[in-house]
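Tertiary structure, described
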Amino acid sequence: MTLQKTSIAIAVSLALGCVGNAHADQASDMQAKLDALQKQVQELQAQMAALRKKQEQAAPAAAAAPAKAPANEVKAGKELVFKVGGGEVQLYGHADVSLDDQTNGMTGFLHNGLPVTGHNGWVPDVSSNLSFFGVRGNRAVSDDLKGVFQFETEISYAATPGASDQATDTTAQKFELGSRNSFVGLQSEEYGAIKLGKTDTPYKTATARLDPFASTPGDYNAIMGNSGGDNRTEFDFRAPHSVWYESPNMSGLHANVLVSPGQNRSTGSGLYAQGEPDCSGGNSTAGLNGNAGQPTSCTDGSFYTLYSADLTYESGPLYATAAYELHRDVNRTGDEVVPDTIGIRDEWGFKLGVQYTFPTKTTVNVLVERLQRDAITDSLDERTHTATWLALTQGLTAFDDLNLGWAHAGRTPGQPVAGVQDKFGNPAPAGSSNNEANLYTIGLKHRFVDKRTTAYLTYSSLVNGYWAHYSLGAGGHGLPTRNYVGDKFIGGCQTGGNCGPPFSGNNAEAVSFGMTYDF
């Protein structure tokens, strides 16, 4: 028994010892695994710290590296703008087409004792007016400097492209690529812009917004900016081969200055500007409508150099502007009967304009203009006069406006001898005479919901004084009501026609219904 008990005790002791040793071995193995895991965690933390340091060191270099140019895409918004090569390019346009009925008011006029010929009453027409298409763009070249460009072309929606009756004494093509405002330049928000190309002069743009009848027969340029009547606006001009500066906005103030060099070696400005298809100012003679070749001379308003400037201020409902323009050495020898009585002299214009919009949705536009020629003979000076413009726009609804306009041209010191005929065929005498004129226009304009499509209806009446000879449509309406009879063309008449020179004292009228579309 004792031996048996002793054997059992020994066996139990050995078993317990084996169990204890097993637990000890497991604890030791667990500790080893924990130590290894901790070492791996420490190594991973070290690797992450090294990666973070490397990224921080690489960040400045990445910021300094130039950004990769984005892919070409259409920019979101209402305008048709494309992102191209880090810059922007925009396509835009304006369509204006109208159905008109116009009269030159010359029914019953006489020449050489006989009634003048041609359709001199009311004649219908469909006009393209000042419709255009353009491309413009910009690209940043530094923090506050952009390279800019634009080319713009008049579009003939209703007429056949080519030389236009808009100015029958010119050879220039209205509908060629780049025929309107086109340029290249540099622009800065802080310092303004410098541009080279062709553009509307500052004198023209300064008061453009004061005319709610722009491009219609009632356009204020039938009188404003028009120094001698007819279908001309010498002081509402797009100047080719020009360089100009546009100032930044300075607390509402803004200024523009433009110079158009004459590009003419003729001492009398009697030749084409070099590189141009026409005389400076477009007033060429004897080249179109039955006469082969180019115009024979530039003796009806061609100038040597043009200087133009404006200063505007805008704040809330108020817009005010002053503008000045000088044409050097203007050739008017084509108006001379006696040599050296009209000659080649400077002409200049100055105007002040104000626009104010009242809370009643009433906008009032007032403009006073003085045009002057440094005349040799005052009694032959038909260029010097004062003109005024008053226009009212009344908002009737959110989409409809009523427009009223009145322009008045004052008398001049004189007029060229035999430059025009009166309604009885008598030639004009020298000296001061009744050559005042008044333009009256009324119109309705409707904007559709998209506000990019409009419809308009206007009636215009141009009442010339006895010796005045202004015409409707001089501001760019598709078909002007010139003061020639229906059978007259520049340089002559149709066979057997009783045509004569320009006539005075007529009352031109026009009714126009048109639509516009902008994109």
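Summary of the structure given here. (Residues numbered from 1 in each chain as written. Predicted model: local features only at pLDDT ≥ 70, side-chain atom pairs only at ≥ 80, totals over all residues. Heavy atoms only, no water.)

**Observations concerning the overall build of the chain**
Convention followed: Numbering goes from the N terminus for both helices and strands, where a helix is a DSSP run of H or I of at least four residues and a strand is a run of E of at least two. Each residue gets one of three labels from its accessible area relative to the maximum for its type: buried under 20%, exposed over 50%, partly exposed in between, using a 1.4 Å probe on protein chains only. Note on contacts: a residue pair qualifies if any of its non-hydrogen atoms lie within 4.5 Å across the two residues. Accessibility throughout is a Shrake-Rupley quantity obtained with a 1.4 Å probe, and a residue counts as covered only by protein chains that appear here.
Secondary structure summary: the chain contains two helices and 23 strands in total. Classification of the 519 residues of the chain by burial places 45% in the buried group. Residue pairs at least 24 apart in sequence account for 65% of intrachain contacts in the chain once pairs closer than 6 positions are excluded. Put simply, the chain shows about 25,800 Å² of open surface, and 61% of that area lies on carbon and sulfur atoms.

**Some details on the packing of aromatic side chains**
Threshold: Aromatic rings from Phe, Tyr and Trp, taking only the six-membered ring of Trp, are treated as a pair when their centres fall within 6.5 Å; an angle between ring planes under 30 degrees marks them as stacked, one over 60 as edge-to-face, and anything in between as tilted. Put simply, a charge is over a ring when the Lys NZ or the Arg CZ is close to the ring centre, within 6 Å, and near the line of the ring normal, within 35 degrees.
Evaluation of the coordinates by the stated rule reveals 10 aromatic pairs. Across from the ring centre of tyrosine 92, 3.8 Å away, lies the NZ or CZ of arginine 136, which sits over that ring.

**Brief notes about a nonpolar patch on the surface**
To keep it simple, the criterion reads: Patch building starts from residues that exceed 30% relative accessible area and form no salt bridge, then joins like charges within 9 Å and nonpolar side chains (Val, Leu, Ile, Met, Phe, Trp, Tyr) within 5 Å. When a carboxyl oxygen of Asp or Glu is within 4 Å of a side-chain nitrogen of Lys or Arg, the pair counts as a salt bridge.
On the surface, Trp122, Leu392, Leu396, Leu404, Ile442, Leu444, Phe448, Leu457, Tyr459, Val511, Phe513 and Met515 cluster together into a nonpolar patch covering about 1,000 Å² of accessible area. Topologically, leucine 457 is positioned in strand β20 (residues 453-464). On the accessibility criterion, leucine 457 (44% relative accessible area) is partly exposed.

**Description of the pairing of strand β16 (residues 362-373)**
Side-chain positions along a regular strand alternate between the two faces of the sheet. Basically, it comes down to this: Criterion used throughout: strands pair if DSSP finds at least two bridges between them.
Sheet topology places strand β15 (residues 344-357) next to β16; 11 bridges connect them, and they run antiparallel. When the bridges of β16 are listed, threonine 357 appears paired with threonine 363. Once β15 ends, the chain turns through four residues before running back antiparallel as β16, passing lysine 361 with a positive phi of about 65°. Inspection of the sheet shows β16 paired to strand β17 (residues 385-395) by 10 bridges, in the antiparallel sense. From the neighbouring strand, threonine 363 faces β17, where its bridge partner is threonine 393.

**Some thoughts on empty space enclosed by the protein**
The cut-off we apply is this: Cavities and pockets were defined on a 1 Å grid built from protein atoms only: a cavity is a group of points that admits a 1.4 Å probe but offers it no way out, a pocket is an open group of points flanked by protein on both sides within 12 Å along at least five of seven lines, and a lining residue is one with an atom within 4 Å of any such point. Grid points are joined across faces, edges and corners, and a volume is the space filled by probe spheres set on the points. Asp, Glu, Lys and Arg are counted as charged, while Ala, Val, Leu, Ile, Met, Phe, Trp, Tyr, Cys and Pro are counted as nonpolar; the rest, among them Gly, fall into the polar class.
One pass over the structure, following the stated rule, counts two cavities of 30 Å³ or more. Along the walls of the largest cavity sit 13 residues, with Ile342, Arg373, Leu380, Asp381 and Glu382 positioned nearest its centre. Here the lining of the largest cavity is built from residues that sort into five nonpolar, two polar and six charged. There is about 70 Å³ of room inside the second largest cavity. Class assignment of the residues belonging to the lining of the second largest cavity gives a composition of three nonpolar, seven polar and one charged.

**Some words on the pairing of strand β19 (residues 437-447)**
Two elements, strand β18 (residues 400-409) and β19, share 10 bridges in a ladder whose sense is antiparallel. Each bridged residue has a counterpart across the sheet, and for histidine 408 the counterpart in β19 is asparagine 438. Where β19 meets β20, 11 bridges bridge the pair, whose relative direction is antiparallel. What sits directly across from glycine 443, in β20, is threonine 458. Counting the residues that bridge the hairpin from β19 to β20 gives five residues, and of these lysine 451 lies at a positive phi of roughly 65°.

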